[in-house]
Amino acid sequence: MKPFLGEIEAFCFRAGVLEKCKERVATEYEFELIVNGARIGFFSCSPTLLEEFAVGHLLSTGHRVRDGYEFRASDGRVEIHGELVNLDSAGRNGSQAFRASDILRAVQALGDLGVGFRETGALHGALCFDPEGRILGHVEDVSRHCAVDKCLGLLARNGVDLSRVGLAVTCRLTKSIVEKAVRVGVPLVASRAAPTLEGIKAAVDAGLTVVGFVRKDRFNVYAHPERLIW
């Protein structure tokens, strides 16, 4: 069984009958993030890709940890020690274009790859893809914020240039999610869910393309449609 899935006995009501059954459920791991000895905060996420989370969370809050850092996770603590570099957010969401067909396929892939969600209904998905439509990374997590951080951290650890990456997610495009993409320089974010007004305003101001309500053959563009190739 996957480390972020558990199995319990429940009572299932089916066709007018209540009987015992076994159900898959998502698990959560609660921990405090420590960066260079300082407590950053407490988090709850799926117990996988914790190093990617730490690297990605630092990126999405405007900091990059240089190569050669130390990482460890145990006893409810996730710790990373290394030299931090402040990210320069000015003008980093570039003019990289994406095909409409690749955006549709990327969001569709969230469903195809979302095994944990299909088994539990309790996980969010985040997926990164390049301008050629290739999937570069996919993550599921009980926390939508941690899913995004882990996906970004996964790519950063592999040396991928995030300014040439599209981000597809299953969650609402709130201001907090949009700001994560802005800080790391991702030029486009797409979701099968809706954006919030504050999320749209943040994207407009920062030059980020926001695509919502992505379905089989349609979507809405809420900010900066100039990056899309039809």
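Report on the accompanying structure. Counting from 1, residues in each chain are numbered in the order their sequence is written. Where totals are concerned, whole chains, interfaces and linings use all residues; where local detail is concerned, this predicted model gives features only for residues with pLDDT of at least 70, and gives and counts side-chain atom pairs only at 80 or more. To get the side-chain values, take all heavy atoms of the structure and skip hydrogens and water.

### Points about the state of the cysteines
The condition that has to hold: Two cysteine sulfur atoms make up a disulfide if the distance between them is within 2.5 Å. Burial classification: accessible surface area is computed with a 1.4 Å probe over protein chains only, and a residue below 20% of its type maximum counts as buried, one above 50% as exposed, and the rest as partly exposed.
Applying the stated rule across the entire model yields one disulfide. Between the sulfur atoms of Cys-12 and its disulfide mate Cys-21 the distance is 1.8 Å. Residues Cys-12 and Cys-21 are joined through a disulfide that is right-handed, its torsion about the S-S bond being 65°. Owing to a relative accessible area of 17%, Cys-21 belongs among the buried residues under this scheme. For the unlinked cysteine Cys-45, the closest cysteine sulfur is that of Cys-146, found at 4.5 Å.

### Concerning the sheet that holds strand β3 (residues 29–35)
For the record, the criterion: Pairing between two strands is assigned when DSSP locates at least 2 bridges connecting them. A run of DSSP states H or I qualifies as a helix once it reaches four residues; a run of E qualifies as a strand once it reaches two. Both are numbered from the N-terminal end. Angular values range over 0 to 180 degrees, each being the angle between N-to-C directions of two axes fitted as lines to C-alpha atoms, with helices fitted over their stretch in contact. We call two residues contacting when some pair of their heavy atoms lies within 4.5 Å.
Strands sit in the order β4-β3-β7-β6 across an open sheet of four strands; the sheet is mixed. Among the strands making up the open sheet, the edge pair consists of β4 (38–45) and β6 (70–74). Recorded for the sheet is a direction-independent mean angle of 20° between the axes of neighbouring strands. For β6 and strand β7 (residues 77–81), the ladder comprises five bridges, and the chain directions are antiparallel. Directly across from Phe-71, in β7, lies its bridge partner Ile-80. The strands touched by helix α1 (residues 50–60) within the sheet are β3, β4, β6 and β7, with β3 carrying the most contacts at an inclination of about 50°.

### Thoughts on α1
Spacing of three or four residues puts side chains on the same side of an α-helix, whose turn is 3.6 residues. Buried residues dominate α1, accounting for 11 of its 11 residues. Buried within α1 we find Leu-50, Glu-51, Glu-52, Phe-53, Ala-54, Val-55, Gly-56, His-57, Leu-58, Leu-59 and Ser-60. The first or second residue beyond α1 is Gly-62, which carries a positive phi of 95°.

### Focus: the pattern of salt bridges
The condition is simple: Here a salt bridge means any side-chain nitrogen of Lys or Arg lying within 4 Å of a carboxyl oxygen belonging to Asp or Glu.
Within this structure, the stated rule accounts for 17 salt bridges. Of the charged contacts, one joins Glu-132 and Arg-134 as a salt bridge, the two residues approaching to 3.3 Å between their closest N and O atoms. Looking at Glu-132, the relative accessible area reads 41%, which means it is partly exposed.

### With respect to helix α4 (residues 144–157)
Just so we agree on the cut-off: Here a helix's expected span is defined as the number of its residues, less one, multiplied by 1.5 Å. Distance and chemistry together define a polar contact, namely a pair of N or O atoms within 3.5 Å, with one atom able to donate a hydrogen and the other to accept it when in protein, and with adjacent residues in sequence counting only for side-chain atoms on both sides.
For α4, with 14 residues, the first-to-last C-alpha span of 20 Å sits near the 20 Å given by 1.5 Å per residue. Within α4, 10 of the 14 residues are buried, leaving the element largely enclosed by the surrounding structure. Every buried residue of α4 is accounted for by Cys-146, Ala-147, Val-148, Asp-149, Lys-150, Cys-151, Leu-152, Gly-153, Leu-154 and Leu-155. The N-cap of α4, judged by a side-chain oxygen 3.3 Å from the amide nitrogen of His-145 a few residues on, is Ser-143. After α4 finishes, the residue Gly-159 shows a positive phi value of roughly 75°.

### Description of the sheet that holds strand β14 (residues 209–212)
The mixed open sheet is built from six strands, whose spatial order is β11-β10-β12-β13-β14-β15. What marks the edges here is a single partner per strand, and that holds for β11 (135–141) and β15 (220–223). Taken over all neighbouring pairs, the strand axes of this sheet differ in orientation by 20° on average, direction set aside. Bridge analysis of strand β10 (residues 124–129) against β11 gives six bridges, and the strand direction is antiparallel. Within the sheet, the bridge partner assigned to Ala-126 lies in β11 and is Val-139. Most of the contacts of helix α2 (residues 100–113) go to β10, to which it runs at about 140°, and overall it touches β10, β11, β12 (166–169), β13 (188–191) and β14. Of the strands in this sheet, β10, β11 and β12 touch α4, which is tilted by about 150° from β11.

### Digging into the packing of α1 against helix α5 (residues 175–184)
In plain terms, the rule: For classification purposes, an angle smaller than 35 degrees is called roughly parallel, one larger than 145 roughly antiparallel, one from 65 to 115 roughly perpendicular, and anything else oblique. Under this grouping Gly is polar, as are all residues other than the nonpolar Ala, Val, Leu, Ile, Met, Phe, Trp, Tyr, Cys and Pro and the charged Asp, Glu, Lys and Arg.
Where α1 meets α5, the closest approach of the two axes is 8 Å, and the angle between their N-to-C directions is 85°. Between α1 and α5, the interaxial angle falls into the category roughly perpendicular. In this structure, α1 uses His-57, Leu-59 and Ser-60 to contact α5, whose residues at the interface are Lys-180, Arg-183 and Val-184. Per-class residue counts for the contact of α1 with α5 are two nonpolar, two polar and two charged.

### Thoughts on the packing of aromatic side chains
To keep it simple, the criterion reads: Only rings of Phe, Tyr and Trp enter the pairing, Trp through its six-membered ring, and a pair is recorded when the two centres are within 6.5 Å. The plane angle decides the type: under 30 degrees is stacked, over 60 is edge-to-face, the rest tilted. Charge over a ring is defined by NZ of Lys or CZ of Arg lying within 6 Å of the ring centre and within 35 degrees of the ring normal.
Tallying each qualifying case throughout the model produces six aromatic pairs. On the basis of an interplanar angle of 25° and a centroid distance of 5.4 Å, the ring pair of Tyr-29 and Phe-31 is categorised as stacked. A single burial state applies to Tyr-29 and to Phe-31, both of which are buried. Taking the centre distance of 5.6 Å and the plane angle of 70° together, the rings of Phe-98 and Phe-129 count as edge-to-face. Here Phe-129 lies in strand β10 and Phe-98 lies in strand β9 (residues 98–99), a separation of 31 residues in the sequence. Comparing Phe-98 with Phe-129 shows no difference in burial state: the two are buried. The residue whose ring lies beneath Arg-192 is Phe-117, and the NZ or CZ to ring-centre distance is 5.9 Å.

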